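Single-letter residue listing:
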Amino acid sequence: MAEIVLIRHGQTEWSANGRHTSYTDLELTAEGERQAQAVAPRLAGRTFAAVLSSPRKRALRTAELAGLTVTEVTEDLAEWNYGEYEGITTKQIHETRPGWSLWTDGCPGGESPEQMKTRIDRVLAKAKEYQGDVALVAHGHTLRVTGARWVGLPPSAGGVLKLDTGTLSTLGFEHTVDPVISTWNA
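Everything numeric here is computed off the predicted structure, so don't read it as measured data.

A. The arrangement of the nonpolar core in detail. One finds Ile4, Trp80, Cys107 and Leu136 to be the most contacted residues of the largest nonpolar core, which totals 26 residues. Elements with a contribution of two residues or more to this core: strand E1 (4–8), strand E2 (48–53), helix H5 (102–105), helix H6 (113–127), strand E4 (133–138) and helix H7 (140–150). It is H6 that contributes the most residues to this core, five residues altogether. Membership of the second largest hydrophobic core comes to 13 residues, among which are Ile7, Leu43, Ala135 and Leu168.

B. Representation of the pairing of strand E5 (residues 168–174) in the model. Counting buried positions along E5 yields five of seven residues, so the element is predominantly enclosed. Both E1 and E5 contribute to a ladder of four bridges, which runs antiparallel. Bridge pairing in E5 links leucine 6 to serine 169. Counting the residues in the hairpin turn of E5 and strand E6 (residues 178–183) gives three residues, including histidine 175, whose phi is positive at 55 degrees.

C. Highlighting the packing of aromatic side chains. Enumeration over the complete set of coordinates arrives at three aromatic pairs. An angle of 90 degrees between the planes, with centres 5.7 Å apart, marks the rings of tryptophan 80 and tryptophan 103 as edge-to-face. Taken together, the residues tryptophan 80 in the loop between strand E3 (72–73) and helix H4 (90–96) and tryptophan 103 in helix H5 connect sequence positions 23 residues apart. Of the residues examined, tryptophan 80 reaches a relative accessible area of 0% and is grouped as buried. Between tyrosine 85 and tryptophan 100 the ring centres are 5.1 Å apart and the planes differ by 80 degrees, which places this aromatic pair in the edge-to-face class. A residue pair is termed long-range when its members are at least 10 positions apart, and tyrosine 85 in the loop between E3 and H4 and tryptophan 100 in the loop between H4 and H5 qualify at 15 residues. In this structure, tyrosine 85 and tryptophan 100 share a single accessibility class: buried.

D. Broad picture of the packing of H6 against H7. At their nearest, the axes of H6 and H7 sit 9 Å apart, and the two run at 70 degrees to each other. Our classification of the angle between H6 and H7 gives roughly perpendicular. Crossing handedness for the pair H6 and H7: right-handed. Contact residues: Met116, Lys117, Ile120, Asp121 and Leu124 in H6; Thr142, Val145, Thr146, Arg149 and Trp150 in H7. A per-class count over the contact of H6 with H7 returns five nonpolar, two polar and three charged.

About the thresholds
- Counting starts from 1 at the beginning of each chain's written sequence and moves along it residue by residue.
- For this predicted model, a pLDDT threshold of at least 70 governs which residues receive local features, and a threshold of 80 or more governs which side-chain atom pairs are given and counted, while totals over whole chains, interfaces and linings are taken from all residues.
- For side-chain calculations, the full set of non-hydrogen atoms in the structure is used, while hydrogens and water are omitted.
- Residues belong to one nonpolar core when they are buried, are Ala, Val, Leu, Ile, Met, Phe, Trp, Tyr or Cys, and are joined through side-chain atoms within 4.5 Å.
- In this scheme, a residue with accessible area under 20% of its type's maximum is buried, one over 50% is exposed, and one in between is partly exposed, where area comes from a 1.4 Å probe on protein chains only.
- Secondary structure elements are defined from DSSP: runs of H or I of at least 4 residues count as helices, runs of E of at least 2 residues count as strands, and each element is numbered from the N terminus.
- Paired strands, in this sense, are two strands between which DSSP finds at least two bridges.
- For Phe, Tyr and Trp, where Trp contributes only its six-membered ring, two rings pair if their centres lie within 6.5 Å, and the inter-plane angle classes them as stacked under 30 degrees, edge-to-face over 60, or tilted in between.
- To get an axis, fit a line to the C-alpha atoms, keeping to the stretch in contact for a helix; angles then go from 0 to 180 degrees between the N-to-C directions.
- In this scheme, roughly parallel covers angles under 35 degrees and roughly antiparallel covers those over 145, while 65 to 115 is roughly perpendicular and the rest are oblique.
- A crossing counts as left-handed when the near helix is turned anticlockwise from the far one by less than a right angle, and as right-handed when that turn is clockwise.
- Two residues form a contact once any of their heavy atoms are found within 4.5 Å.
- For this classification, the nonpolar set comprises Ala, Val, Leu, Ile, Met, Phe, Trp, Tyr, Cys and Pro, the charged set comprises Asp, Glu, Lys and Arg, and every other residue, Gly included, is treated as polar.

Now the structure itself:
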């Protein structure tokens, strides 16, 4: 594997409003479709050994509009399962649970940081099996954990890696052996 390109899906109604969206399968907004289309020229000329995607419509549609052919759909790239916090904002959660942090506390009825670590570590192990670049099309918190895990940090370190909708990030190597975050939130 040469480089991993992370592509966050375009905007949805809930992402625009700061609502936690994991298993709810939302379409892209018009702005989200524009964001996904804007990714295509940035990938022009690149060849991918594999394109792995979350099974959610917003990720698959982003891949399509970005001109990518998905080679594998995997639940391992689905968004962090927010359980009881699905569809609500962090501000709303803090009203009943002050000090809550997704990155350290996980979600009741959903996933813990350790469960996310296990999923993302499987994705990264699979990506390393390919000869050539690999694209991962997924979600904000999932890809933030991916960036953290790539450089050997715990899932909680994803909390300091802001990631906007419709953006590209790249994971690569320095001196061909040391994992690095080459670009982020671009």
